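Remarks on the overall topology
Here is how the chains run, residue by residue.
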There are 2 protein chains.
Amino acid sequence: MQAEIITIGDEILIGQIVDTNSAWMAKELNAIGINVSKITSISDQKEDIVSSMEQAMERVSLVLITGGLGPTNDDITKKTLSDFFEMALVQDDLLYERIKERLAARGIPMNRFNEEQALVPDRARIITNNYGTAPCMWFEKEGKVIISMPGVPFEMKGIMRNGLLGNLTTHFSTSEILHKTVMVQGIGESVLAEMLEEWEANLPTCVKLAYLPSPGVLRLRLSLIGEDRKELERIVEEQTAKLIEIIPENIFGFDDQPMELAVAKLLSDKGKTVGTAESCTGGNIAHLFTSHAGSSIYFKGAVVAYSNEIKESVLKVNADVLLKFGAVSQQVVEQMAMGVRDLLNVDYAIATSGIAGPDGGTDEKPVGTVWVAIAGPDHLSSTKLDLYKNRERNIKVASLNALNMLRKLLEK
Amino acid sequence: MQAEIITIGDEILIGQIVDTNSAWMAKELNAIGINVSKITSISDQKEDIVSSMEQAMERVSLVLITGGLGPTNDDITKKTLSDFFEMALVQDDLLYERIKERLAARGIPMNRFNEEQALVPDRARIITNNYGTAPCMWFEKEGKVIISMPGVPFEMKGIMRNGLLGNLTTHFSTSEILHKTVMVQGIGESVLAEMLEEWEANLPTCVKLAYLPSPGVLRLRLSLIGEDRKELERIVEEQTAKLIEIIPENIFGFDDQPMELAVAKLLSDKGKTVGTAESCTGGNIAHLFTSHAGSSIYFKGAVVAYSNEIKESVLKVNADVLLKFGAVSQQVVEQMAMGVRDLLNVDYAIATSGIAGPDGGTDEKPVGTVWVAIAGPDHLSSTKLDLYKNRERNIKVASLNALNMLRKLLEK
């Protein structure tokens, strides 16, 4: 069962926004056995919308369209689809009332733009959008299903999760797709390819393998397609076990589990807490921990010490040590880790200090020099990383390395 | 001058990664007058690559392809393109040496996969990739240009910036495209549409307007296409000035300037410093400030206080006040702001405390209840936000609102 996604909006084509919707939708569709074979981003123009949709309908039986459903004049999707499917736009009274209520709750009177939002194509099936005022429309033509949704991510996600995915499962009988992703760190792509060569050559034909490198992490994805889910599950378990035998030290998780959740699980299992003292990572490690629900159980807090004064006054780094070795040094990062561990009264502390760039490097300490330390109840260790010229990448990779140091310590 | 982008990789189609490359490329191409009319994401399959490329070549004169150039067996782009353009794969000696050196620097011997990376199509033009081992290939056929680049973002960006964009400017004579984005906060899409109705109706025909809502911020984009850049610049200035007259209070910046940089500029201009005390935003405000180079001038540090103990011990929030009003309260968030201002010795402090969700809400304080406070030299203010059920959205919108409060104060 194949589907295509079409995203409408000039903002994507001029690079003003990144299309995050498609990835999210593709993942959800995969989980119910629908394989996305193509994603197309087009502009808010009638002829582009019609031709892309017609082409997609020739190739697949399901086309999901997002975007162009806002209340403003640049949004033409609803009108275009109504014309294409030869339907008239009529007022949906329920939708009209919902829009009116939503606006009233925020003290805004209904205007002409809102009234137009309550119009829907007369023979389309309307899927409820509890998160906004744009309707989700389900069209059918010659056995094909075409769905139009708003492009605002949380509205689209709400519609998919609260109704549309269920409707699609009922409508289509789908074949089984199984993905398993193995999260690998500390080993480069071509070295890994060589280590896995024999294993890869002997994979069953129903298994497709992909190497997905990203800053600090390499993901190995096994994709299986077949009719018998149990059999696919058996094969994927068997192959994963073989993989772990080949690279036992380098696997830190599965299925896109982020590094901070691998650490979180170890902390929770042991009933331990963590805090961070961040200089070059600027709060990113704290932000990673706290983006997950329930993190207050193991994550207690952080001190972002972006100035030497704060390293001294809050983290109790020794002034002489700071002067002698500089902020980016083993001595200072170790004192930061111990300082924050004591200040926040946590079991484990992570500290970072480095030159994120693009400026601030010296011959001795070029941009990308980062010191990372871990302090535990009876533990203090540190390591120096030689990273890159790019600030964003340095913040990301330094955060991952620091988290990974703690992970390895907790796994001992 | 129109171009299309094709991204190759199953990881995009199953939603494992978000295609951020296309947005970046589109923006850079726009800046040199090349308009991206379509972005297509396809799988690592020969027939998909060939058919998508053939279709794109029928529509536009430039096709940029990313992905599928890694050293592993799932990467088939180079072979597919060589076959399509009827070229033989031959060793590029310079590339071979560069790959060997790069690996040697990391202590890795060259293997068969690396040797294959040094093969290039014999009549393609090779653009240097200083950031990795995959080649960038420039093909020409019947007046059309087809470019294949690696999909790893920092390699692709390096290739574009350090050579390819210049080559494209030389090769194509391009018409002028001008975009201006106006950043708006505190006003909803349909209300704004009504306020701007007259202005919008009177826009010159060369101007296209788009409303781009996102959590906490609405962007208004004016896009102009023409031959005379000076004239386009004059028109856009004129129209922006009219816009500022209509909504003077709601515009905080232009051209995708993020809120934290609007605040940063005001702080820098006044020679003032800032720090944060974050509970529900978990370090995200600190992370936003510190993702920008040079932030150490105005951003001094942060305390992420995810537990009541830390609010008390580090930020000096009164224990009785915490007990009486709870952590998510006006009293506590104001004490947090004052506490961190004094602790970090900064001019201004931002504090947040709220229920980010999805759990932890009560009838009195449901998920999405967030208190934000600003403390200045002779200033203390706070406000309550009633946000959403979604954790990620709440962290983002609370951060933006807090930053905006400080911005308004600094602008007074």
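Residues numbered from 1 in each chain as written. Chains lettered and ligands numbered in written order. Predicted model: local features only at pLDDT ≥ 70, side-chain atom pairs only at ≥ 80, totals over all residues. Heavy atoms only, no water.

1. What about the relation of the copies chain A and chain B?
Stated precisely, the cut-off is as follows: Here the copies are superposed with least squares, the fitted atoms being C-alpha atoms of residues at a pLDDT of at least 70 in both. Contacts are assigned to residue pairs that have any heavy atoms within 4.5 Å of one another.
Relative to chain B, chain A is turned by 180° and slid 0.1 Å along the rotation axis, the superposed coordinates differing by an RMSD of 0.2 Å. What the rotation and shift describe, once combined, is the action of a two-fold rotation axis. A symmetric contact is evident, with 100% of the interface residues of chain A recurring at the interface of chain B.

2. Digging into the UniProt feature "domain: MoaB/Mog" (unreviewed entry) in chain A
Defined as follows: UniProt positions are given in the numbering used here, feature names are shortened, and annotations may be inferred rather than shown by experiment. Segments assigned H or I by DSSP are reported as helices when at least four residues long, segments assigned E as strands when at least two residues long, and all are numbered from the N terminus.
The UniProt feature table records "domain: MoaB/Mog" (unreviewed entry) at residues 4-171 of chain A. Along residues 4-171 of chain A the backbone is 45% helical and 23% strand, and the end-to-end C-alpha distance reaches 16 Å.

3. A closer look at the interface of chain A and chain B
Under the convention used in this document: We define buried area as the total accessible area lost by two parts upon association, computed with a 1.4 Å probe and summed across both. We define a salt bridge as a contact between a side-chain nitrogen of Lys or Arg and a carboxyl oxygen of Asp or Glu at a distance within 4 Å.
In this assembly, 91 residues from chain A lie in contact with 91 residues from chain B. Regarding the contact of chain A and chain B, the summed buried area is about 7,000 Å², with carbon and sulfur atoms giving 55% of it. Of all residues in chain A, A:I14, A:Q16 and A:Y306 bury the most surface against chain B, accounting for 9% of the area lost on that side. For A:R112, the salt bridge is made with B:E197, and the minimal N-O distance between the two is 2.1 Å.

4. Some points on the environment of A:K270
Along the chain, the position of A:K270 falls in helix α11 (residues 259-270). Distance from A:K270 to A:L410, taken between C-alpha atoms, is 8.8 Å for residues 140 residues apart in sequence.

5. Observations regarding the packing of aromatic side chains
For clarity, the cut-off: Note on aromatic contacts: the rings of Phe and Tyr and the six-membered ring of Trp form a pair at centre separations within 6.5 Å, being stacked when their planes are under 30 degrees apart, edge-to-face when over 60 apart, and tilted otherwise. Under the scheme applied here, a residue whose accessible area is under 20% of the maximum for its type counts as buried, over 50% as exposed, and between as partly exposed, the area being computed with a 1.4 Å probe on protein chains only. Only lysine NZ and arginine CZ atoms are considered, and such an atom sits over a ring when it is within 6 Å of the ring centre and within 35 degrees of the ring normal.
Applying the stated criterion across every chain, the model contains 13 aromatic pairs over all chains. Their ring planes at 65° and their centres at 6.1 Å tell us that A:F289 and A:Y298 sit as a pair that is edge-to-face. Like A:F289, the residue A:Y298 is buried in the burial classification. Look at B:F289 and B:F299: their rings are 5.4 Å apart centre to centre, the planes differ by 25°, and that puts the pair in the stacked class. One end of the pair, B:F289, is in helix α12 (residues 284-290); the other, B:F299, is in strand β14 (residues 299-305), and 10 residues separate them in sequence. Residue B:F289 shares its accessibility class with B:F299, and that shared class is buried. Following the ring pairs from residue to residue traces out a cluster consisting of A:F289, A:Y298, A:F299 and B:Y306. One residue, A:K180, lies across the ring of A:F254, its end atom 4.7 Å from the ring centre.

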